[in-house]
Number of protein chains: 2
Amino acid sequence: MTNAPSSRHPEGRDTTSSTALTKVLEDPWWDLRQEVLEAMATSPLQPHRDEDLDRYRSAVLEAVKALADRGWGRLGYPSEFGGSGDIRQAVKVFETVALGDLSVLVKFGVQFGLFGGSVWQLGTEEHHREFLARIGRLEVPGCFAMTERAHGSNVRELETVATYHPEDEEFEIHTPSEAAEKDWIGNAALHGQVATVFARLRTGGVDYGVHAFLVPIRTPGGTVMDGVEIGDRGRKVGLNGVDNGTLRFHHVRVPRTALLNRFGTVEPDGSYHSPIEGDGRRFFTMLGTLVMGRVSIAAASVSTAKRALTIAVRYGERRRQFGPPDEEERPLLDFLAHRRLLLPRLAATYGLHFAVWDVVDRLHAHDDSPSPELEVRAAALKAYASRHAMDTIQACREACGGEGYDAANGLGALREDVDVFTTFEGTNPVLLQLVAKGLLTEYRETMGDLRFWEIVQHLARRTRKRIQKANPVAARRTERSHIRDPDFHRWAFRTREQHLLHTLAQRLQERIGGGMEPFDAVNECQDHLVTLGTAHGERLVLEAFQAGVAGARDAGTSETLRELCTLHALCRMERHAGWYLESGFMEGAKTKAIRSAVNEMLTDVRESAQMLVDAFAIPDPVLRSPAGRCCPTGGY
Amino acid sequence: MTNAPSSRHPEGRDTTSSTALTKVLEDPWWDLRQEVLEAMATSPLQPHRDEDLDRYRSAVLEAVKALADRGWGRLGYPSEFGGSGDIRQAVKVFETVALGDLSVLVKFGVQFGLFGGSVWQLGTEEHHREFLARIGRLEVPGCFAMTERAHGSNVRELETVATYHPEDEEFEIHTPSEAAEKDWIGNAALHGQVATVFARLRTGGVDYGVHAFLVPIRTPGGTVMDGVEIGDRGRKVGLNGVDNGTLRFHHVRVPRTALLNRFGTVEPDGSYHSPIEGDGRRFFTMLGTLVMGRVSIAAASVSTAKRALTIAVRYGERRRQFGPPDEEERPLLDFLAHRRLLLPRLAATYGLHFAVWDVVDRLHAHDDSPSPELEVRAAALKAYASRHAMDTIQACREACGGEGYDAANGLGALREDVDVFTTFEGTNPVLLQLVAKGLLTEYRETMGDLRFWEIVQHLARRTRKRIQKANPVAARRTERSHIRDPDFHRWAFRTREQHLLHTLAQRLQERIGGGMEPFDAVNECQDHLVTLGTAHGERLVLEAFQAGVAGARDAGTSETLRELCTLHALCRMERHAGWYLESGFMEGAKTKAIRSAVNEMLTDVRESAQMLVDAFAIPDPVLRSPAGRCCPTGGY
């Protein structure tokens, strides 16, 4: 460590290093981020977290308008519709907004990401010309109406119907049952005027599966359209500035052109054609619209972890409790248990930051619909980052003791708001299984079940020979240089993922080969699928973290990040010690050496901890947490 | 399994079994519990969770009054002061009240448990006669003023001073600094009239360490006493019906008899004497008052886990999502990942119930101050149960998806309120270290540091030979009967605890023997201490659970509980597989066999899941959760 500050006191902090780290995290979008942060420090971007739902929702709408007025809502759209055509800028804005009020973030995401994104990605030129610029200016507030009461995760089974009537050249949108009521729809209860409604397209007596339709639900004046029935979801655990609602359609007529017809068109005569064969494949291609949403949630989750850690690390540096007899009490971060609570989470937060931006860069480089591989990455990261955020916020709340329980310090509200990140846009357990299926099928037919079983069998046959055997010499190596070697870490993460994949394929094949229904076979191995999905995410994060370290230009910053990355890798291996031991890839002496190395690294990283959170560069007026103030006036 | 219901539908439930299980949990206090539950179903015991602090706090005060009016506040006091003299009844009431609004619970606990308990346990006859009955009737609302701004965990370093003035036969209570301000004191902001204030007793120029004093802070009319300065802690993350506040004392005079003088007395002339030698020992004896509080929090934590699981298991039985092609969708609990999320937590909740009641029975049987061993048990269970409650509530929130995020289903509010259970009455990491130190010193001088190091050295010397070596044959055994054998489970839990204890003693001894300061040596092994503290709690829970199984009288109930206990034991061992492998007590084949057994057991236990939560017998009007209704009118 050449550049870490040796002093623990704020005044002793090496501000150069903290700035250099921020540069690594925020380049090349530093200026854009600053603009957003400056706006966020002031009203209306800091709506009062009002207990009165009406007032809070109105204030949040005003905040989203303020963001739209600055052109940040349409940033991800093509320049002809007022955007930059650069999704990286859109994600940077979203990630930054996520440091503030999360109702604003989510309403912003619903309007510009989900609603606007569906028009952009599922619609065709006419839809883009008619709507995209106006959506981007929040002139047409809208909804993304996918989820139904009885179909949250299993959206392929949606029941809302869109029947084509060639005589009128219209679709009839209808909610056939209570179970089919659109539920939890953001922007629906109050502000939405148009909804992208997912419904089964029927024409000529044939059901072509789920498609998306633009359906007006309110006039610009706010009057609910005939045949539309809107309910209010009322108070939620958090995000109460977002007006979630329910939608029912009673034989509502919309023109033929209301169909967002990029992946399937109905001609005036009612004939249907699509560039994609198979209802399942087509629907899962449409679900590609969720990829950006998932990446955005991952990015926002990382922001919330940064915010929580900024508060808890600063507090842990300042707050003293216990000490040797007759000596001054020590800062909480001097204690091993406290370091173990916070620093591995700090390291993982950096890793996730790099991993999210790796996917964003890949999405940006991709000029068409995201590839199945990117969909899998996005799903893995959304699950990992949202779980990490909740876990980190809780740890930070507890690390701040009573101060963490003071509402003014913001950790409670943060947890309430972030909580649902693990559920929406694909609940985490379902996403992790989607990841595992993608890996099993080598990204072919990831989303549909077509040929899934043939591929599993093929993979199991092929991999029976390939399953890696543990090398007894490597399993025993405990030298310091080996334990801290990034190549060893990468090998360990990859080996775990590959081994989990191959043994899963074998287990499935055994069951299906033995006559078990594929559905039951998958269910019997569901914990294995989830573990594999998690291991995939962990491998992605490690690789992105190591690449991030390599990308740091000055030696001090690079060294600080390298150390943090080592800590991260060792902590994950420590957590999975049981797996490594059980599978023979490590012996007891090695897992013990890893545990010792974690404790040593925690001592090193603790010296940079405050700098590492300062590098998140969250200004006090945005952080809004007395316990986490950058330059406190005192305290214990 | 002879008695488990074969049907998954509510109407098919074997109500006999659920009632029999309830009997096991609630005997012999079924009638008392029913009385409390009936009261709780109605106002004022269901205060509106009002966002207006004033209204909510008043409503909660009314609720506590209603409980006091029924005689439930003083239940734990001796009969001469209106109680039953039976702490088991007091804990049963507390545990039951914990199924409702937790602000009511905590205000109830502050008044009758902490404030009343301090008068009862630290005071002498005169104090009892003057206060106890009136405290029990809530005629004297009071506070327990221990925590100071700068001294939350390290209460031995409290700074508030009580200086004796023999000329007036008075103590002068004084807050010497901002750091010494009493903080987070329940009942202080609005309702308290008297506070048990912990302050350093000084007489004749000597500091005798921390003692407790009864200090009036308000008149019965509510006017703040001269020299007392009261602040309001305002809005917290949860428990907003409790008026937490701050207290400062400016040279406040109280009579000599204000000293709660069971463990230390000042004569009129200022001379001091105490039955306990050593300021440290004396103070830690006084802290024994917290034992009941910790056990009560453990009991309340278990109640909150029961409530969350009742909601999530019923929802998981009712809600369907995904299914085999062209078949009906399956209930969530049919999926392995969902079972893994809920059922191990359901099993642990039963285990913790038995463990809490085991300690309560021991406390009841104990006629004097709790023994150090009981203090250690209470600390271990408080940490275990509060962690478990938070973890379970979060899992249940996620298991209910969007419905879990609906404020009306109560899981968010439950989490907000329970959150601080991990912090107050001793923050969990500190308690777990206290447990480890108690075990290291074999309960001698548990609380003080006196002779701690000599004992560690002794233990390390003695145990060097005793450290158990793994038996390679046992480490390899994987037969079904062995894996499910309760004797094996008990052996595994005990071995883990013992081995952790012995290796900890060795590690400390190596460091201290090598010249390291004891403070630093303990800090270097802090993760080991915390792990040992946790392992102790796990062993206590397993043993109490197995005893609970043995206590069930009918075969069906006993079998259901045995199965659940087996699942619990296997899940904990699965979680600690890394430790068992690393230490050589298990080989890979065995940890794999345990994992398979967990998955099998989950299938068995899933059949009884609904019955197991029905046995918690939480009536719908107390549960207040549409998603968790006992007899729903429909749903998906």
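What counts as what
- Residues numbered from 1 in each chain as written.
- Chains lettered and ligands numbered in written order.
- Predicted model: local features only at pLDDT ≥ 70, side-chain atom pairs only at ≥ 80, totals over all residues.
- Helix = DSSP H or I, 4+ residues; strand = E, 2+ residues; numbered from the N terminus.
- Rg over C-alpha atoms; globule rule 2.2 N^0.38 Å.
- Contact = placed C-beta atoms within 7 Å.
- Nonpolar A, V, L, I, M, F, W, Y, C, P; charged D, E, K, R; others polar.
- Pairing = 2+ DSSP bridges.
- Axes fitted to C-alpha atoms, helices over the stretch in contact; angles between N-to-C directions.
- Least-squares fit on C-alpha atoms with pLDDT ≥ 70 in both.
- Domains from an automatic or database assignment.
- Parallel < 35°, antiparallel > 145°, perpendicular 65-115°, else oblique.
- Buried ≥ 20, exposed ≤ 12 C-beta atoms within 10 Å, placed from the backbone.
- Arc of directions from axis to C-beta.
- Expected span 1.5 Å × (residues − 1).
- Core = buried A, V, L, I, M, F, W, Y, C linked by C-beta atoms within 7 Å.
- pLDDT = per-residue confidence, 0-100.

**Student:** Help me understand the overall build of chain A, please; the structure alone is not making it clear to me.
**Tutor:** Across its full length, chain A carries 23 helices and eleven strands. The C-alpha radius of gyration of chain A comes to 26 Å, within 12% of the 26 Å expected for a compact globule of 636 residues. Seen along its three principal axes, the alpha-carbon backbone of chain A occupies a region of about 90 × 65 × 40 Å. Long-range contacts, defined as pairs at least 24 residues apart, comprise 75% of the intrachain contacts of chain A with a sequence gap of at least 6.

**Student:** Where do I start with the interface of chain A and chain B in this structure?
**Tutor:** Often the size quoted for an interface is simply the accessible area lost on bringing the parts together. At the interface, 52 residues of chain A touch 52 residues of chain B. Considering every element that reaches the side of chain A that touches chain B, the biggest residue donor is helix H21 (residues 577–582) of chain A, with four residues. Tallied by class, residues from the side of chain A that touches chain B come to 18 nonpolar, 17 polar and 17 charged.

**Student:** I would appreciate a short explanation of the sheet that holds strand E8 (residues 245–249) of chain B in the present structure.
**Tutor:** Across a sheet, paired strands are connected by hydrogen bonds in the backbone, their directions being either parallel or antiparallel. Residue and element names in this part refer to chain B. Taken together, the three strands give an open sheet; going across it, the order is E4-E8-E7, and neighbouring strands pair in antiparallel fashion. At either margin of the open sheet sits one strand with a lone partner, and together these are strand E4 (182–185) and strand E7 (228–232). Pairwise comparison of adjacent strand axes, ignoring direction, gives a mean angle of 25 degrees for this sheet. In terms of strand pairing, E7 meets E8 through five bridges, oriented antiparallel. Bridge pairing links Val228 to Phe249 in E8.

**Student:** What am I meant to see in the relation of the copies chain A and chain B here?
**Tutor:** What relates the pair of chain copies is a rotation about an axis plus a shift along that axis. The two copies are related by a screw operation: chain A maps onto chain B through 180 degrees of rotation and 0.0 Å of translation along the axis, at an RMSD of 0.0 Å. As the rotation angle and translation indicate, the two copies are arranged about a two-fold axis. Residues of chain A ranked by C-alpha distance from the rotation axis are headed by A:Gly578, positioned 1.7 Å from it. A share of 100% of the interface residues of chain A reappears at the interface of chain B, consistent with the copies meeting face to face through the same patch.

**Student:** Hey, could you run me through the sheet that holds strand E7 (residues 228–232) of chain A in this one?
**Tutor:** All names here are of chain A. Spatially, three strands are ordered E4-E8-E7 in an open sheet, and the strand pairing comes out antiparallel. Each having just a single partner strand, strand E4 (182–185) and E7 make up the two edges of the open sheet. Between one strand and the next, the sheet's axes are offset by a mean angle of 25 degrees, whatever the strand orientation.

**Student:** Hey, could you run me through the domain arrangement of chain A in this one?
**Tutor:** Residue and element names in this part refer to chain A. The assigned domain composition of chain A is domain 1 (10–141), domain 2 (143–278) and domain 3 (289–622). A C-alpha centroid distance of 27 Å is found between domain 1 and domain 3. Contact with domain 1, which involves 31 residues of that partner, is made by 34 residues of domain 3. Tallying contributions element by element places helix H5 (residues 102–122) first for the side of domain 1 that touches domain 3, with nine residues. Tallied by class, residues from the side of domain 1 that touches domain 3 come to 16 nonpolar, nine polar and six charged.

**Student:** Even after reading the chapter, I still don't get the packing of helix H9 (residues 336–365) of chain B against helix H19 (residues 526–551) of chain B, so can you show me in this structure?
**Tutor:** Helix packing geometry: the angle between the two helix axes and the distance between the axes. Residue and element names in this part refer to chain B. Interhelical geometry of H9 versus H19 gives an angle of 90 degrees and a closest axis separation of 7 Å. Looking at the two axes, H9 sits roughly perpendicular to H19. From H9, Tyr350, Gly351, Leu352, Phe354, Ala355 and Asp358 reach across to H19, where they touch Leu540, Val541, Leu542, Ala544, Phe545, Ala547 and Gly548. A breakdown of the residues in the contact of H9 with H19 according to their chemical character gives ten nonpolar, two polar and one charged.

**Student:** Please explain helix H2 (residues 30–40) of chain A as it appears in this structure.
**Tutor:** Each turn of an α-helix holds 3.6 residues, which means side chains three or four residues apart point in the same direction. All names here are of chain A. Three or more residues of H2 are buried, namely Val36, Ala39 and Met40. All buried residues of H2 lie within an arc of 100 degrees about the axis, which places them on one face of the element. For H2, the secondary structure elements touched by its buried residues are helix H4 (87–97) and helix H23 (620–623).

**Student:** Is there a simple way to think about helix H3 (residues 53–69) of chain A in this case?
**Tutor:** Residue and element names in this part refer to chain A. For H3, built from 17 residues, the straight-helix expectation of 24 Å at 1.5 Å per residue is met to within 8% by its first-to-last C-alpha distance of 24 Å. Of all the residues in H3, the buried ones are Tyr56, Arg57, Ala59, Val60, Leu61, Ala63, Val64, Leu67 and Ala68. Considering only its buried residues, H3 is in contact with H4, H5 and helix H6 (125–136). Where H3 ends, the next residue or the one after it, Gly71, has phi of about 85 degrees, a positive value.

**Student:** Explanation requested: the nonpolar core in the structure shown.
**Tutor:** By size, the foremost hydrophobic cluster in this structure holds 410 residues, and its most contacted members are A:Phe213, A:Val356, B:Phe213 and B:Val356. If sequence neighbours within four positions are ignored, A:Val356 has contacts with A:Val295, A:Ala298, A:Ala299, A:Val302, A:Leu381 and A:Ala385.

**Student:** Mind showing me how you'd approach the environment of A:Arg575 here?
**Tutor:** Summarising the element assignment, A:Arg575 is placed in helix H20 (residues 555–575). In this structure A:Arg575 comes out as partly exposed when scored by C-beta crowding, with 13 C-beta atoms within 10 Å.

**Student:** What should I look at first to understand unusual backbone geometry in this one?
**Tutor:** For residues other than glycine, phi is negative in most cases, and the peptide bonds are mostly trans. Residue A:Pro28 follows A:Asp27 across a cis peptide bond; omega there is 0 degrees. By secondary structure assignment, the location of A:Pro28 is in the loop between helix H1 (15–26) and H2. Of note, B:Trp184 is a non-glycine position whose phi angle comes to about 65 degrees, a positive value. Note on B:Trp184: 25 C-beta atoms within 10 Å, which makes it buried. Look at B:Phe322: it is not a glycine, yet its phi comes out positive at around 70 degrees.

**Student:** What is the right way to read the pairing of strand E3 (residues 170–174) of chain A from this model?
**Tutor:** For a regular strand, side-chain orientation follows a simple rule: the groups alternate between the two sheet faces. Residues and elements named next belong to chain A. Here E3 shows one buried face, formed by Phe171 and Ile173, and one open face, formed by Glu170, Glu172 and His174. In the sheet, strand E2 (residues 161–165) pairs with E3 via five bridges, with the strands oriented antiparallel. Bridge pairing in E3 places His165 opposite Glu170. Linkage of E2 to E3, two consecutive antiparallel strands, is achieved through a turn of four residues, within which Glu169 is found at a positive phi near 50 degrees. Both E3 and strand E9 (residues 252–255) contribute to a ladder of four bridges, which runs antiparallel. Residue pairing across strands places Ile173 opposite Val252, the latter belonging to E9.

**Student:** Honestly, the confidence of the model for chain A in this entry has me stumped. Any pointers?
**Tutor:** Caution is warranted with low-pLDDT regions, since their predicted coordinates should not be read in detail. Residues and elements named next belong to chain A. When pLDDT is averaged across chain A, the result is 92; 95% of the residues are at 70 or more. Predicted confidence for residues 1–15 stays below pLDDT 50, and this span has 29 contacts to residues more than four positions away or in other chains. Segment residues 632–636 is flagged for pLDDT under 50; beyond a separation of four residues in sequence, or across chains, it makes seven contacts in the model. Confidence metrics for the complex model read pTM 0.96 and ipTM 0.95.

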